Amino acid sequence: MERQPMRVLVVDDDADIVRVVGHALGAAGALVHALSDGAEALETIRRWQPDLVLLDLELPGRHGLDVCRAVRHDPSIAHTPIVMMTGLVGEADRIGGLEAGADDYVVKPFSARELVLRVKAVLRRARAAGQDQPPQRVGAIELNPARRRVRVEGREVALPAKEFDLLAALMAARGRVLSRDDLLRRVWGYTQGFEGVTRTVDVHVAWLRQKIEPNPAETRLLVTEAGGYRLEQLEDAGAG
């Protein structure tokens, strides 16, 4: 069966950027829809269910970071890959985007070729995340990679895309400690430039803990080790 063209929502109030991005992605075979308003973008993501969103930060109606956070906290669209487009290049700006749930970011001005390559890389990671992986279980946690669903003690838990991928990486490690750099590679797709962004791992781990540890005072499942994290395995579950 022929794969449907990737559907990309471009949200930017700069008409020149929208035109360049739309042309580059269209030439790569994508179906592109463009908007200039942040509030309208969120409703369109819910309705259109794009394969990926290219999201500017400084938007009328609703700031890009706020849109990203809203997407990540809506179970119906939380899995949607988001690439930030920004003219801000400071470390705090990069961290802010990642902590809001962005999968990647490109800094303006960018080349059309770089943008297309980044979009394709993010989509490849998203599509590959659940392929050929059987359901996994650790203690009371059940994870289904193909359906991207998680149950804790039989109760379905909605996880945004990055928290799901973080949990999947820790479960696949089978009790081994994964350093923050390891997690940035496996979950965020980083190959270099870890300095200054490792804090985003700690933030996502804290969010994940709130959802998979119903009784943290009794059972600590996600354990902090020197330099990283590990998930308690079945035989260890219940240990402090």
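What you see is a predicted model, and the numbers here were worked out from it, not measured in a lab.

1. Concerning the overall build of the chain
A count of helices and strands for the chain gives eight helices and 12 strands. Taken over 240 residues, the chain has a buried fraction of 46%. Counted over contacts in the chain with a minimum sequence separation of 6, partners at least 24 positions apart contribute 56%. With an accessible surface of roughly 11800 Å², the chain has 49% of that area assigned to carbon and sulfur atoms.

2. Describing the confidence of the model for the chain
Per-residue confidence for the chain gives a mean pLDDT of 83; residues scoring 70 or more make up 86%. In this model residues 235–240 is a low-confidence stretch, pLDDT under 50, and it forms six contacts with partners more than four residues away in sequence or in other chains.

3. Regarding the sheet that holds strand 2 (residues 31–35)
One open sheet accounts for five strands, arranged 2-1-3-4-5; its pairing is parallel. Edge strands, defined here as strands with exactly one partner in the open sheet, are strand 2 and strand 5 (104–107). The mean angle between the axes of side-by-side strands here comes to 20 degrees, regardless of whether they run parallel or antiparallel. Strand contacts of helix 3 (residues 64–72): strand 3 (52–56) and strand 4 (82–86), with the helix running at about 175 degrees to strand 4, the strand carrying the most contacts.

4. A look at helix 2 (residues 38–48)
Of all the positions in helix 2, only G38, A41, L42, T44 and I45 are classed as buried. On an axial view of helix 2, the arc spanned by its buried residues comes to 165 degrees, and they lie on one face. Those residues of helix 2 hidden inside the fold are in contact with strand 1 (7–11), strand 2, strand 3 and helix 3. Between the side-chain oxygen of the N-cap and the backbone nitrogen of A39 there are 3.0 Å, and the N-cap of helix 2 in question is D37. A positive phi of about 55 degrees marks Q49, the residue just after helix 2.

5. A look at the sheet that holds strand 10 (residues 178–179)
Overall, antiparallel pairing links the three strands, which are arranged 10-12-11 in an open sheet. Single-partner strands in this sheet number two, and they are strand 10 and strand 11 (222–225). With two bridges joining them, strand 10 and strand 12 (residues 228–231) adopt antiparallel strand pairing. Looking at strand 12, one finds that S179 is bridged to G228.

6. Regarding helix 1 (residues 15–27)
In this model, helix 1 (13 residues) spans 18 Å end to end at C-alpha, consistent with the 18 Å of a helix rising 1.5 Å per residue. Listed in full, the buried residues belonging to helix 1 are I17, V18, V21, A24 and L25. Summarising the axial view, the buried residues of helix 1 lie within an arc of 140 degrees, below the 170-degree limit, and thus occupy one face. Seen from the buried face of helix 1, the exposed residues on the opposite side, beyond 90 degrees, are A15, R19, H23 and A27.

7. Some thoughts on the packing of helix 6 (residues 161–172) against helix 8 (residues 199–212)
Working note: a packed helix pair is described by the angle between its axes plus the distance between those axes. The geometry of helix 6 relative to helix 8 is characterised by a closest axis approach of 10 Å and an angle of 80 degrees between their N-to-C directions. One way to sum up the angle between helix 6 and helix 8 is to call them roughly perpendicular. Residue-level contacts link K162, E163, L166 and L167 of helix 6 to H204, V205, W207, L208, K211 and I212 of helix 8. Its residues placed into classes, the contact of helix 6 with helix 8 shows six nonpolar, one polar and three charged.

Here is what the cut-offs are and how they apply
- For every chain, the first residue of its written sequence is number 1, and the numbers climb from 1 along that sequence.
- Thresholds applied to this predicted model are a pLDDT of at least 70 for local features of residues and 80 or more for the giving and counting of side-chain atom pairs; totals over whole chains, interfaces and linings are not thresholded and use all residues.
- The basis for every side-chain value is the complete set of non-hydrogen atoms in the structure, without hydrogens or water.
- Per the convention used, a helix needs a DSSP run of H or I reaching at least four residues, while a strand needs a run of E reaching at least two, with both numbered from the N terminus.
- Each residue is assigned to one of three classes by its accessible area relative to the maximum for its type, calculated with a 1.4 Å probe on protein chains only: buried under 20%, partly exposed between the two thresholds, exposed over 50%.
- In what follows, residue pairs with any heavy atoms lying within 4.5 Å of each other are defined as contacts.
- The Shrake-Rupley method, run with a 1.4 Å probe sphere, supplies the accessible areas, and residue values consider only the shown protein chains as cover.
- pLDDT is a residue-level measure of predictor confidence that goes from 0 to 100.
- Being paired, for any two strands, means DSSP has found at least two bridges between them.
- Only the stretch in contact is used when a helix axis is fitted, and all axes are lines through C-alpha atoms; the angle between N-to-C directions ranges over 0 to 180 degrees.
- What the arc describes is the spread of directions from the helix axis to the C-beta atoms.
- We call two N or O atoms a polar contact when they sit within 3.5 Å, provided that within protein one can donate a hydrogen and the other can accept it, with sequence-adjacent residues counted only if both atoms are side-chain atoms.
- Helix span, expected: 1.5 Å multiplied by one less than the number of residues in the helix.
- Note that the term roughly parallel is reserved for angles under 35 degrees, roughly antiparallel for angles over 145, roughly perpendicular for angles of 65 to 115, and oblique for everything else.
- Each residue is assigned to one of three groups, with Ala, Val, Leu, Ile, Met, Phe, Trp, Tyr, Cys and Pro labelled nonpolar, Asp, Glu, Lys and Arg labelled charged, and all others, Gly among them, labelled polar.

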